[in-house]
Amino acid sequence: MPSFRDLLITARSNIREVLPAEAAAMLKMQGTVALDVREPDEFDQGALKGAVHIPRGFLEIQVAGRVPEHDAPIVVYCAGGVRSAFAAQTLAQLGYTDVVSMTGGFNRWKDEGFAWEAPGVLTPEQRNRYHRHLLLPEVDVAGQVKLLRSKVLLLGAGGLGSPAALYLAAAGVGTLGIVDMDVVDASNLQRQILHNLDRVGERKVGSAKKAIAAINADVNVVAYDVRLGADNILDIFAGYDLIVDGTDNFPTRYLVNDASLKLDIPVVHGSIFRFEGQASVYLPHQGPCYRCQVPEPPPADLAPSCAEAGVLGVLPGIIGSLQAMEAIKVLLGLGDPLVGRLLAYDALEGTFRTFKLNRDPGCAACSIPKDQVVIAEYDELCMPHPLQAPAV
Ligand SMILES: [Zn+2]
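Here is a short report on the structure shown in this document. (Residues numbered from 1 in each chain as written. Predicted model: local features only at pLDDT ≥ 70, side-chain atom pairs only at ≥ 80, totals over all residues. Heavy atoms only, no water.)

Counting residues in hydrophobic clusters, the biggest one holds 34 residues, and the most contacted among them are L168, L176 and I212. Where this core is concerned, the elements lending two or more residues are β6 (151-155), α10 (161-171), β7 (175-179), α11 (204-215), β9 (242-245), β11 (276-282) and α16 (314-332). Sort the elements by how many residues they give to this core and α10 lands first, with six residues. Once you skip the residues sitting within four places of it in the chain, L176 turns out to touch V152, L154, A165, L168, A169, I212, V219, N220, V221 and V222. Counting 25 residues, the second-largest nonpolar core is a separate cluster that includes L155, L228, I233 and Y290. (Core = buried A, V, L, I, M, F, W, Y, C linked by side-chain atoms within 4.5 Å. Buried < 20%, exposed > 50% of the residue type's maximum accessible area, 1.4 Å probe, protein only. Helix = DSSP H or I, 4+ residues; strand = E, 2+ residues; numbered from the N terminus. Contact = heavy atoms within 4.5 Å.)

This is the structure we're talking about:
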């Protein structure tokens, strides 16, 4: 029966080993994969930048999903070069054609002064809480850490803001700002699932904070119990990675649009009307903005607010959830966010349709340099008032 030593000699004779210097040269070429086969606690202490992490015990099971191209150059490493030798042999058996094992592993790499980084670390509790995220190679620990470090501002703790806030909190977005100056009313509970009967009469931001705290202690809630206006919008927006817009009127949407262009913050838009809802993503200066889509507001009598128009309670749940999904896609760079596209949901028909939105080259807000965007207060007809926000 062969001993461990015999197996290692056989493995080494079947693979190619390279010193850290050659590995570093290979990794400078685009498309080369650094594959770390150490255990999670070792990986958390530090790893090669951008390394794909699959513990040795999961290699056969997970590698096809994580490294789909069988001809991709792969540098496998562990701590000292033994586990990676066996891993390289296994990869060759699985059909990977260009695999090397790094002699001396991560320890030698570090000793020789090559660059590495400490990836974000999740506590055991977080590994358990976000387990279903970690199973997605597109998210993994790096994505979850990114979410935990992300700051999302929700405009409104109402029909759209409720599901968006709950899902973003559950997903572990580390900072959630919430702007709302309303009080919870019993008539809100038909759709605003952040709130409940015990909290009727409370400030909405306070109620939202309690609901989120009960879901995820990782989330820091920043409450803004104010009316969003030209005088405070830039101060409130500054520092956030993304805005989830759940506002229900044109003047505020224009204000939000202009401030987001000025500060370069993506906005995930959602709107609802009776049985129909829409969602889109405005990526400043990369896709169309809200003004490209709606250059002028419709006459006030054609655009009643939700308070007047009525809405089926589930509808904002669907659109707000779509906003949470788009927000996470933008934060993690996943898939194709709804940039330049309007997703329209007709609940009665049971259909989703996507409309292309074009950027208007003459748009009053996004075709000019961002320092020239004027943040002004608008009245209900969306006519600008003279009031201007302080300069950023
Ligand atoms: Zn525009």
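On to the environment of A169, then. For A169, the position within the fold is in helix α10. Judged by its relative accessible area of 0%, A169 falls in the buried class. Put simply, A169 and N257 are 88 residues apart on the chain and 24 Å apart in space, counted from C-alpha to C-alpha.

A separate point is the packing of helix α4 (residues 59-66) against helix α5 (residues 83-93). Remark: α4 packs on α5, axes separated minimally by 11 Å, with the N-to-C direction vectors making an angle of 60°. The hand of the α4/α5 crossing is right-handed. Contact residues: α4 offers L59, E60 and V63, while α5 offers A87, T90 and L91. Broken down by class, the residue content of the contact of α4 with α5 amounts to four nonpolar, one polar and one charged. (Axes fitted to C-alpha atoms, helices over the stretch in contact; angles between N-to-C directions. Left-handed = near helix turned anticlockwise from the far one by under 90°. Nonpolar A, V, L, I, M, F, W, Y, C, P; charged D, E, K, R; others polar.)

All right, on to the side chain of E326 then. Along the chain, the position of E326 falls in helix α16. The residues touching E326, leaving out its near neighbours within four places in the chain, are V268, V281, P337 and L338.

This brings us to empty space enclosed by the protein. Counting across every chain of the model gives one cavity of 30 Å³ or more. As a volume, the largest cavity reaches approximately 40 Å³. Lining the largest cavity, in full, are D245, R253, V256, N257, V267, H269, Y282 and Y290. Elements with a contribution of two residues or more to the lining of the largest cavity: α13 (250-263) and β10 (267-273). Broken down by element, the lining of the largest cavity gets its largest block of residues, three residues, from α13. Classifying every residue of the lining of the largest cavity by side-chain character gives four nonpolar, two polar and two charged. (1 Å grid on protein atoms, 1.4 Å probe; cavity = no way out; pocket = protein on both sides within 12 Å on 5 of 7 lines; lining within 4 Å. Points joined across faces, edges and corners; volume = space filled by probe spheres on them.)

Before going further, it helps to spend a moment on the pairing of strand β5 (residues 99-102). On β5, burial covers both faces: V99 and S101 on one face and V100 and M102 on the other are all buried. Relative to β5, strand β1 (residues 16-18) runs parallel, the two sharing three bridges. Among the inter-strand pairings, V18 is bridged to a residue of β5, identified as M102. Across three bridges, the pairing between strand β4 (residues 74-77) and β5 is parallel. Opposite V75, over in β5, you have V100 as the bridge partner. What joins β4 to β5 is α5, and the crossover it makes is right-handed. (Pairing = 2+ DSSP bridges. Right-handed = clockwise from strand over helix to strand, strands pointing away.)

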